[in-house]
Amino acid sequence: MPRQRKPVPGVDPKLLIKDAARLLPEPSRRLFLRGAASLGALAVLSGCDIIDGDTSENALRVISTFNDRVQAFLFNPNTLAPEYPESMITRPFPFNAYYSEDEAPDVDADKYQLEIGGLVENKKPWLLPELYKLPEVSQITRHVCVEGWSAIGSWQGVKLSDFLKLIGADTSAKYVWFQCAEGYSNTVDMPTALHPQTQLTLKFDHQILPRAYGFPIKIRIPTKLGFKNPKYVTAMWVQNNDAGGYWENQGYNWFSGL
Amino acid sequence: MTIQATTGPSMTATATKPVIHPRWVRVTHWINALATLLMIGSGWQIYDAAPLFGFTFPTKIALGNWLAGALLWHFAAMWLLVINGLVYFMLGFLSGRFRRKLFPISPAEVLHDLLAALRGKLSHDDLSMYNAVQKLLYLGILLTGVVIVLSGLSIWKPVQFQVLTSFFGGYNTARYVHFAAMTAIVTFLVVHVTLAVLVPKSLRAMIVGR
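Residues numbered from 1 in each chain as written. Chains lettered and ligands numbered in written order. Predicted model: local features only at pLDDT ≥ 70, side-chain atom pairs only at ≥ 80, totals over all residues.

1. A few points about the overall build of chain A
Point 1. A tally of helices and strands in chain A yields six helices and 10 strands.
Point 2. Looking at chain A residue by residue over its 258 residues, the buried ones come to 42%.
Point 3. Taking as baseline every contact in chain A between residues at least 6 positions apart, the subset at least 24 positions apart corresponds to 67%. (Helix = DSSP H or I, 4+ residues; strand = E, 2+ residues; numbered from the N terminus. Buried ≥ 20, exposed ≤ 12 C-beta atoms within 10 Å, placed from the backbone. Contact = placed C-beta atoms within 7 Å.)

2. Regarding the overall build of chain B
Point 1. For chain B, the helix and strand inventory stands at 10 helices and zero strands.
Point 2. Each helix and strand of chain B, placed in order from N terminus to C terminus, yields the pattern α-α-α-α-α-α-α-α-α-α.
Point 3. Here chain B, with 210 residues, has 28% of them falling under the buried criterion.
Point 4. A fraction of 57% describes how many contacts in chain B between residues 6 or more apart in sequence connect residues 24 or more apart.

3. With respect to the nonpolar core
Point 1. Counting 40 residues, the largest nonpolar core has B:M39, B:L67, B:A70, B:L71, B:L72, B:W73 and B:A77 as the members making the most contacts within it.
Point 2. Residue assignment for this core shows that the elements contributing at least two residues are helix 3 (23-49), helix 4 (67-94), helix 7 (132-156) and helix 9 (171-198) of chain B.
Point 3. Once residues within four sequence positions are removed from consideration, B:M39 is found in contact with B:H74, B:A77, B:M78 and B:L81.
Point 4. One finds A:M190, A:L200, A:Y232 and A:V238 within the second-largest nonpolar core, a separate group that totals 32 residues. (Core = buried A, V, L, I, M, F, W, Y, C linked by C-beta atoms within 7 Å.)

4. Remarks on helix 4 of chain B
Point 1. With 28 residues, helix 4 of chain B extends 40 Å between its outermost C-alpha atoms, agreeing within 8% with the 40 Å of an ideal straight helix rising 1.5 Å per residue.
Point 2. Phi turns positive one or two residues past the end of helix 4 of chain B, at B:G96, with a value near 85°. (Expected span 1.5 Å × (residues − 1).)

5. So, the domain arrangement of chain B
Residue and element names in this part refer to chain B.
Point 1. Along its sequence, chain B is carved into domain 1 (19-95) and domain 2 (117-210).
Point 2. Just the C-alpha atoms count here: the centres of domain 1 and domain 2 sit 12 Å apart.
Point 3. Listed as interface residues are 13 residues of domain 1 and, on the opposing side, 15 residues of domain 2.
Point 4. Contributing elements (two or more residues each) for the side of domain 1 that touches domain 2: helix 3 and helix 4.
Point 5. In terms of residues, the side of domain 1 that touches domain 2 owes the most to one element, helix 3, which gives six residues.
Point 6. For the side of domain 1 that touches domain 2, the per-class residue count stands at six nonpolar, five polar and two charged. (Domains from an automatic or database assignment. Nonpolar A, V, L, I, M, F, W, Y, C, P; charged D, E, K, R; others polar.)

6. Side note on the confidence of the model for chain B
Residue and element names in this part refer to chain B.
Point 1. Taken over all residues, the pLDDT of chain B has a mean of 90, while the share at 70 or more is 92%.
Point 2. Of all the helices and strands in chain B, helix 1 (residues 2-6) carries the lowest mean pLDDT, 40, while helix 8 (residues 162-167) carries the highest, 97.
Point 3. Below a pLDDT of 50 lies the segment residues 1-13, which in the model reaches six contacts outside its immediate sequence neighbourhood of four places, other chains included.
Point 4. Interface confidence for the predicted complex, expressed as ipTM, amounts to 0.86; the pTM equals 0.83. (pLDDT = per-residue confidence, 0-100.)

7. A look at the sheet that holds strand 6 (residues 185-189) of chain A
Point 1. Reading across from one edge, 2-1-10-5-6 (chain A) is the order of the five strands in this open sheet, with mixed pairing throughout. Edge positions in the sheet fall to strand 2 (126-127) and strand 6 of chain A, since each has one partner strand and no second. (Pairing = 2+ DSSP bridges.)

8. Some points on the environment of A:P105
Residue and element names in this part refer to chain A.
Point 1. For P105, the position within the fold is in the loop between helix 3 (55-74) and strand 1 (113-118).
Point 2. For P105, a count of 18 C-beta atoms within 10 Å puts it in the partly exposed group.
Point 3. Distance from P105 to A212, taken between C-alpha atoms, is 8.8 Å for residues 107 residues apart in sequence.
Point 4. Setting aside chain neighbours within four positions, we find P105 in contact with A181, E182 and Y232.

9. A look at unusual backbone geometry
Residues and elements named next belong to chain A.
Point 1. Put simply, R91 and P92 share a cis peptide bond, and its omega is -5°.
Point 2. With respect to the secondary-structure elements, P92 resides in the loop between helix 3 and strand 1.
Point 3. The step from F215 to P216 runs through a cis peptide bond, and the omega angle for that step is 5°.
Point 4. Looking at the element boundaries, P216 is found in the loop between strand 8 (207-208) and strand 9 (218-220).
Point 5. You will see that Y232, though not glycine, has its phi angle at about 55°, which is positive.
Point 6. Among the structural elements, Y232 can be located in the loop between strand 9 and strand 10 (233-239).
Point 7. Classification of Y232 as buried rests on a count of 24 C-beta atoms within 10 Å.
Point 8. Phi angles above zero are rare outside glycine, and S256 is one such case at about 45°.
Point 9. By the element assignment, S256 lies in the segment after strand 10.
Point 10. Residue S256 is classed as buried on the basis of its 24 C-beta neighbours within 10 Å.

10. Some thoughts on the pairing of strand 4 (residues 150-159) of chain A
Residue and element names in this part refer to chain A.
Point 1. Counting buried positions along strand 4 gives eight out of 10 residues, so the element sits mostly inside the fold.
Point 2. What sits between the antiparallel neighbours strand 3 (residues 137-144) and strand 4 is a turn of five residues, in which G148 has the positive phi angle 120°.
Point 3. Both strand 4 and strand 7 (residues 199-204) contribute to a ladder of five bridges, which runs antiparallel. The residue of strand 7 that forms the bridge with Q156 is K203.

11. Thoughts on the packing of helix 6 (residues 107-118) of chain B against helix 7 of chain B
Residues and elements named next belong to chain B.
Point 1. Their axes nearest at 7 Å, the elements helix 6 and helix 7 cross at an angle of 110°. In terms of orientation, helix 6 and helix 7 fall into the roughly perpendicular class. Across the interface between the two elements, E109, V110, H112, D113, L114 and A117 of helix 6 pack against A132, V133 and L136 of helix 7.
Point 2. Its residues placed into classes, the contact of helix 6 with helix 7 shows six nonpolar, one polar and two charged. (Axes fitted to C-alpha atoms, helices over the stretch in contact; angles between N-to-C directions. Parallel < 35°, antiparallel > 145°, perpendicular 65-115°, else oblique.)

12. Details of the packing of helix 3 of chain A against helix 4 of chain B
Point 1. Two elements in contact, helix 3 of chain A and helix 4 of chain B, have axes separated by 9 Å at closest approach and are oriented at 70°. Regarding the angle of helix 3 of chain A to helix 4 of chain B, the classification is roughly perpendicular. Here helix 3 of chain A runs over helix 4 of chain B; the crossing is left-handed. Residues A:L60, A:I63, A:S64 and A:N67 of helix 3 of chain A lie in contact with helix 4 of chain B, whose contacting residues are B:L72, B:W73, B:F75 and B:A76.
Point 2. Tallied by class, the residues present in the contact of helix 3 of chain A with helix 4 of chain B amount to six nonpolar, two polar and no charged. (Left-handed = near helix turned anticlockwise from the far one by under 90°.)

Shown next, in the form of structure tokens:
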């Protein structure tokens, strides 16, 4: 997840467009640049009103959707993310969200239950002690942030594909949607959800997941950018419609595969 | 040139000048110029989200305004850059232009022409012939183009293309390689544009071909 949105407060988008346009030869300016500089401005100034934006911005969105398909094609369900020795774990592993650490959700373990919904046979909610009893897998993989930085962490939990089987999920459905305690959300494609390293994570470095890293549940997906790894997960739905996600809805690429 | 045999005496001197840059070179050159500027501008904005060094690029000279916008531009312009680049390389090899224009090249020649250039005694009479310094710079920038695309792919897909990523020394090192290649291209651009301005007929040749 990006640490924070990086709008530029107090910057006139029209001036930005002019500045950006200086970089380019004359004929191409109008065609390619108006949307570019106004893109972020629109996202910031008008909230979710992005669809009403320029045609050039819409063109960028269309290409991003095309890139989703290219990435789904490049995604090999049998290709594993590289794993690393314990000595390479980044310590301290960074806390990362669009809010500060003391604003992170503080989930009450005793009251917590994981809500299950959608195309699933058994929608019984799960309590934490039940989840802790399930067979555990472990991975030491690289978390790559959309910002460019990366960190190596150690995660333990239940293989998500096993859990989906356990609850009788229809794995021919297209998506799995995750809802989080603070309102964050993510939609993930089913092939990625079924990837052998995709994990319903309950522990970091063999300790119960601390609040900073997403207590009680993080979905660890080493084949996707960090913001596609939801934390503080409270609900999981198997469905055929794309429910989007917190950052995806603001213009970040949907598939965001690694 | 066969053109001269088929044109009559009434044709102007300009029209009978031999073609220095065929149309495909000019078209791919200017598409590449646009794609390169888009990639650099958006790349600077992306860099700013997690700087590798102790500085950032001013948002005013970067493209995309914020990270999401810059990423949209970067991963759109990459298609322009790569498809145009592939067409250019294919035609460059098939037409024999690379072989004709860039080879042979020897260190002694490069040194000789570099010294001549620094003394201001390098001839630009025949624009269809590259001097040894030009040959070296153009070979270098072609290679850098390959490196920046491959290192970019290894940052974009460090799982699916992990063999490529490890070739560049892993994810983190690949970011530095990508940055270094950008720096090389920007440096080349400064020299390239300065020289084009100093020898305006070379700019003209890249626009009208002669």
